[in-house]
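Notes for the structure review
Letter by letter, the chains look like this.
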Amino acid sequence: MRDFSRWIGAAPRRALRGARPPSAFLPIPPGRVPSFNGDHTERSGRWDGPTREDSMKAVVYEGPRKVSVKDVPDARIERPTDVLVRITSANICGSDLHMYEGRTDFETGRWFGHENLGEVVEVGDGVDKVEVGDYVVLPFNIACGHCKNCERQLTNYCLTAQPDPQMAGAAYGFADMGPYGGGQAELLRVPWGDFNCLRLGEDAEDRQTDYVMLADIFPTGFHATEMAGVKPGDQTVIYGAGPVGLMAALSATIRGASKVMVVDRQPDRLRLAESIGAMAIDDSKVDPVEAVLEQTMGLGADNGCECVGYQAHEPDGQERANLTMNRLVASVRFTGTIGTVGVFVPQDPGASDELAKQGKLAFDFGMFWFKGQRLGTGQAPVKKYNRQLRDLIAAGKAEPSFIVSHELPLDEAPKAYEHFDNRDDGWTKVVLHPAAV
């Protein structure tokens, strides 16, 4: 990797501008988008592989349940609006596990990482706000800021950053969301840097494990409660006590819910839910629907959040993609609302039943309709929430780092993926530190 140490905290921003040769800013050919590795990638999203001599370390996908830390081409400024970030904290996300397990079409040779925080080491000539030396956290949504969806705060469905005209939305190191490389690496190129970088305060370096949660899971958990319409005094049920479910529980508490019930079966996760005042329901020991009804005088919760997704499974390990959705319909009261942020996909060839292979569910729509419930779905528009959540962290009103179990150097990522994928006790959230803090 190139040596940026002489730039950090010393050089004025303008000294770094124009450092790239003019050829780096040539117009992108029609129908192409800039890729993380410096090549131009066709609209099909095919990744063409590395071509440059400079390299950095990254967590590279090599096939189902196999990652390695190896050299990949350096990230670098490719357009005037780009920002280059030295990654100091990058989370392993539950969504990464879908790709790690081979349940998506994520290509071998690409690298993971969509929950990223770090220090700016270089900016393009078109960057006005972000400066070298700033600590920034990056929304996992890569967004242009000026398309129809971005103007409506729907940065999760940016029409510009996604190269496939039949799709919307882009992300770092993620299947079907553009050719962009991930941040489980020493460097990350941030397109549309002024729009996508959320600058942090003086405490950023010391509180990275709090602020890095703003890249995805804290806003995603908050989005679940927003779609569910959680209000002061509500009784809220959350299915799933993984990192996103725990952030939904924290968000429901912040929004004033009087009772938060969290359904899971992993003891370490349920203990964390209880640590923030939520009620833990172990679905390996009790019927979770009956438990929720018992806690709500038989009426059901006012609202609920789905934070598991298409790989939901019974306590015996049998997958049932519709498990949590149908339980929510049964757990939430008449006219209640459900927010769904667990990942569901248009097709899942690795599923155990034919419907799920086609991305379809045997959903209890009749009961859903009969109860007059409402449903919100989709990935979170992180920028809609990250600034206000940042300020809650800065003021000491929220500490999302309570879920962090391990902080590891990048070289230990393969071990961390294995433990996290196995749901080994005590492995609730891993923060990787690619660069020395």
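Structure: above.
A brief structural summary. (Residues numbered from 1 in each chain as written. Predicted model: local features only at pLDDT ≥ 70, side-chain atom pairs only at ≥ 80, totals over all residues. Heavy atoms only, no water.)

On inspection of all chains with the given rule, the structure shows 10 aromatic pairs. With a centroid separation of 5.7 Å and 65 degrees between ring planes, the pair formed by Tyr61 and Phe106 is classed as edge-to-face. A residue pair is termed long-range when its members are at least 10 positions apart, and Tyr61 in strand β3 (residues 55-63) and Phe106 in the loop between α2 (94-100) and β6 (116-123) qualify at 45 residues. When the centroid spacing of 5.7 Å and the interplanar angle of 35 degrees are considered together, the rings of Phe112 and Tyr417 count as tilted. With Phe112 in the loop between α2 and β6 and Tyr417 in helix α14 (residues 413-421), this pair connects stretches of sequence that are 305 residues apart. Here Phe112 matches Tyr417 in class, with each residue buried. Three or more aromatic residues joined by ring pairs make a cluster, and in this case those are Tyr61, Tyr100, Phe106, Phe112 and Tyr417. The aromatic ring of Phe222 is capped on one face by Arg255, whose charged end is 4.9 Å from the ring centroid. Geometry around Phe195 places Lys383 over its ring, the cationic atom sitting 4.4 Å from the centre. (Phe/Tyr/Trp six-rings, centres within 6.5 Å; stacked < 30°, edge-to-face > 60°. Helix = DSSP H or I, 4+ residues; strand = E, 2+ residues; numbered from the N terminus. Buried < 20%, exposed > 50% of the residue type's maximum accessible area, 1.4 Å probe, protein only. Lys NZ or Arg CZ within 6 Å of the ring centre and 35° of its normal.)

With that settled, consider the pattern of salt bridges. Side chains that differ in sign of charge can pair as their charged atoms come close. Summed over all chains, the structure comprises 29 salt bridges. Linking Lys429 and Glu115 is a salt bridge whose minimum nitrogen-to-oxygen distance equals 3.2 Å. You can see Lys429 sitting in the loop between α14 and β17 (430-433) and its partner Glu115 sitting in the loop between α2 and β6, a full 314 residues away along the chain. A salt bridge links Asp425 to Arg271; the shortest N-O distance between them is 3.8 Å. (Salt bridge = Lys/Arg side-chain N within 4 Å of Asp/Glu carboxyl O.)

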